[in-house]
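Now for the letters of each chain:
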Amino acid sequence: PAGPVGVDGVITFVGLVGAMVDGTLATGFEAGSIKLNVVVDTDKKMAVDANSASFGTADAQIKYTTRFKTGATSGDKSGLKLTVGAKGTIKIAVRTGSNSKVRNLKVVKSGVEVLTCTLDESTQKHTVGDITYYDYFTAEVEAGEYDLTYDAGAVNIYAIEYIPAPAGPVGVDGVITFVG
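Asker: Help me out: how do you make sense of the overall build of the protein chain in this one?
Answerer: Secondary structure assignment for the protein chain yields 1 helix and 18 strands. Buried residues in the protein chain amount to 42% of all 180 residues. Residue pairs in contact within the protein chain that sit at least 24 positions apart in sequence constitute 68% of those at least 6 positions apart. Accessible area for the protein chain stands at about 9,000 Å²; split by element, carbon and sulfur atoms hold 52% of it.

Below, the structure written as C-alpha cells:
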C-alpha cells in the first residue's frame, strides 16, 4: 500500500491512524526529495496512532497529532531507511517510546553516524507557562540512503522534514559565500 505524501518536504502520518493492511504498515512515506521506508517489521509492531506533541522553541511550536511507532529495537525484526535526494538538512520530531526510559535514534550512512538523537523526557521536554514542547533534532545530509537505528528500544517519530541546501551564493550580513 502507498503511504502518505507529505508537503514541502515534510513527512507526517496524518490520516493513517490504524493504517494496517494485512498486518503490515504502508512500506513507504514520501515527501518531495525524501522517503522513509519500512525495511523490516517481522513482528508487526510498527503502527501509526493518534498522539499529540508539539516541537520547536518557547516562541514557536508545531503541534503534530499522529506518530509513527517503531514498536521495537531496530535490527533483524525492525528497520527503517531514509532516502534523501539532494544535499540539505533533515529535522526530526521524535520522542522516546517510553517516558521513563532514555532511547536513541541514530541516522547512519555507510556505517557513519551523522546524527544521534538522545531521547530523554527530562532534557528534551520543556514547559514554559502553559506551553509544553520538545526539541527537534537536525543534521546536515548529502544525497543517499540512511539507516535509522534505535538500539535501546522503540521510538516515536512525529515528522521528518527535509530542507534543501542553498543552490548558489548566499549572503549573510553583507558577506557573500559560495555554499552548495
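Asker: Explain the pattern of salt bridges here, please?
Answerer: Oppositely charged side chains can form a pair if their charged atoms are brought close together. For the coordinates displayed, the defined rule picks out 8 salt bridges. For Lys91, the salt bridge is made with Glu161, and the minimal N-O distance between the two is 3.5 Å. Placement of Lys91 in strand E9 (residues 88-96) and of Glu161 in strand E16 (residues 155-164) is noted, with a sequence separation of 70 residues between them. Linked through salt bridges whose partners overlap, the residues forming this network are Asp49, Arg67 and Lys69.

Asker: For this particular structure, what's the right way to read the sheet that holds strand E11 (residues 112-119)?
Answerer: By way of backbone hydrogen bonds, the strands of a sheet pair with one another, either parallel or antiparallel. If you walk across this open sheet you meet the 6 strands as E4-E5-E8-E15-E10-E11, and the pairing is antiparallel. Of all strands in the sheet, those bounded by a partner on one side alone are strand E4 (28-31) and E11. The sheet shows a mean angle of 20 degrees between the axes of neighbouring strands, direction not considered. For strand E10 (residues 103-109) and strand E15 (residues 144-149), the ladder comprises 3 bridges, and the chain directions are antiparallel. When the bridges of E15 are listed, Lys106 appears paired with Thr149.

Asker: Please explain the nonpolar core as it appears in this structure.
Answerer: Considering soluble globular proteins, one finds that nonpolar side chains tend to be buried as a cluster. Residues Leu36, Phe68, Leu80, Val94 and Leu105 are the most contacted members of the largest nonpolar core, which totals 32 residues. Contact partners of Leu80, with chain neighbours within four places excluded, come to Leu36, Asn37, Val38, Val39, Met46, Phe68, Thr70, Tyr146, Asp147, Leu148, Tyr150 and Ile157. Counting 9 residues, the second-largest nonpolar core is a separate cluster that includes Ala53, Phe55, Tyr134 and Tyr158.

Asker: I'm lost on the environment of Gly129 in this one. Help?
Answerer: Among the structural elements, Gly129 can be located in the loop between strand E12 (125-128) and strand E13 (131-134). Sequence spacing of Gly129 and Ala58 is 71 residues, and the spatial spacing of their C-alpha atoms is 9.5 Å.

Asker: Explain the side chain of Ser78 here, please?
Answerer: Along the polypeptide, Ser78 turns up in strand E8 (residues 78-84). One polar contact links Ser78 to Tyr150, side chain to side chain, over a distance of 2.8 Å. Look past the residues within four positions of Ser78 in its chain and what remains in contact with it is Val40, Met46, Thr70, Ala72, Thr73 and Tyr150.

Asker: Please explain unusual backbone geometry as it appears in this structure.
Answerer: Only a minority of non-glycine residues have a phi that is not negative, and only a minority of peptide bonds are not trans. For Ser110, which is not glycine, the phi torsion reads 50 degrees and is therefore positive. Topologically, Ser110 is positioned in the loop between E10 and E11. Since its relative accessible area comes to 73%, Ser110 is described here as exposed.

Asker: Help me understand the packing of aromatic side chains in this model?
Answerer: For any pair of aromatic rings, the description consists of the separation of the ring centres together with the inter-plane angle of the planes. Across all of its chains, the model carries 5 aromatic pairs by this definition. Relative to Phe68, the ring of Phe29 has its centre 5.6 Å away and its plane inclined at 70 degrees; by these criteria the two rings are edge-to-face. Residue Phe29 is located in strand E4, and its partner Phe68 is located in strand E7 (residues 61-69); the two are separated by 39 residues in the primary sequence. Taken individually, Phe29 and Phe68 each receive the classification buried, so the pair is uniform in this respect. Considering the side-chain rings of Phe55 and Tyr136, the 5.7 Å spacing of their centres and the 40 degrees angle between planes classify their relative orientation as tilted. One end of the pair, Phe55, is in strand E6 (residues 47-56); the other, Tyr136, is in the loop between E13 and strand E14 (137-141), and 81 residues separate them in sequence. Since its relative accessible area comes to 1%, Phe55 is described here as buried. Members of the aromatic cluster, each reached through a chain of ring pairs, are Phe55, Tyr64, Tyr134, Tyr136 and Tyr158.

Rules used in this analysis
Position labels on residues start from 1 in each chain and follow its written sequence. Reporting of local features is limited, given that this is a predicted model, to residues whose pLDDT is at least 70; pairs of side-chain atoms are given and counted only at 80 or more, and all residues count toward the totals for whole chains, interfaces and linings. To get the side-chain values, take all heavy atoms of the structure and skip hydrogens and water. Numbering of helices and strands runs from the N terminus, with a helix taken as a DSSP run of H or I at least four residues long and a strand as a DSSP run of E at least two residues long. Note on classification: 1.4 Å probe, protein chains only; a residue is buried when its accessible area is under 20% of the maximum for its type, exposed when over 50%, partly exposed between these limits. The criterion used for residue contact is that any of the two residues' heavy atoms lie within 4.5 Å. Areas reported here follow the Shrake-Rupley algorithm with a probe of radius 1.4 Å; residue values treat only the protein chains shown as occluding. Salt bridges are defined by distance alone: a side-chain nitrogen of Lys or Arg within 4 Å of a carboxyl oxygen of Asp or Glu. When DSSP finds at least two bridges between two strands, those strands are taken to pair. To get an axis, fit a line to the C-alpha atoms, keeping to the stretch in contact for a helix; angles then go from 0 to 180 degrees between the N-to-C directions. Among buried residues, those of type Ala, Val, Leu, Ile, Met, Phe, Trp, Tyr and Cys that are joined through side-chain atoms within 4.5 Å constitute a nonpolar core. Between N or O atoms, a polar contact is any pair within 3.5 Å; within protein, one atom must be a potential hydrogen donor and the other a potential acceptor, and residues adjacent in sequence are included only when both atoms are from side chains. Each Phe, Tyr or Trp ring, with Trp reduced to its six-membered ring, pairs with another whose centre is within 6.5 Å; inter-plane angles below 30 degrees give stacked pairs, above 60 give edge-to-face pairs, and intermediate values give tilted ones.

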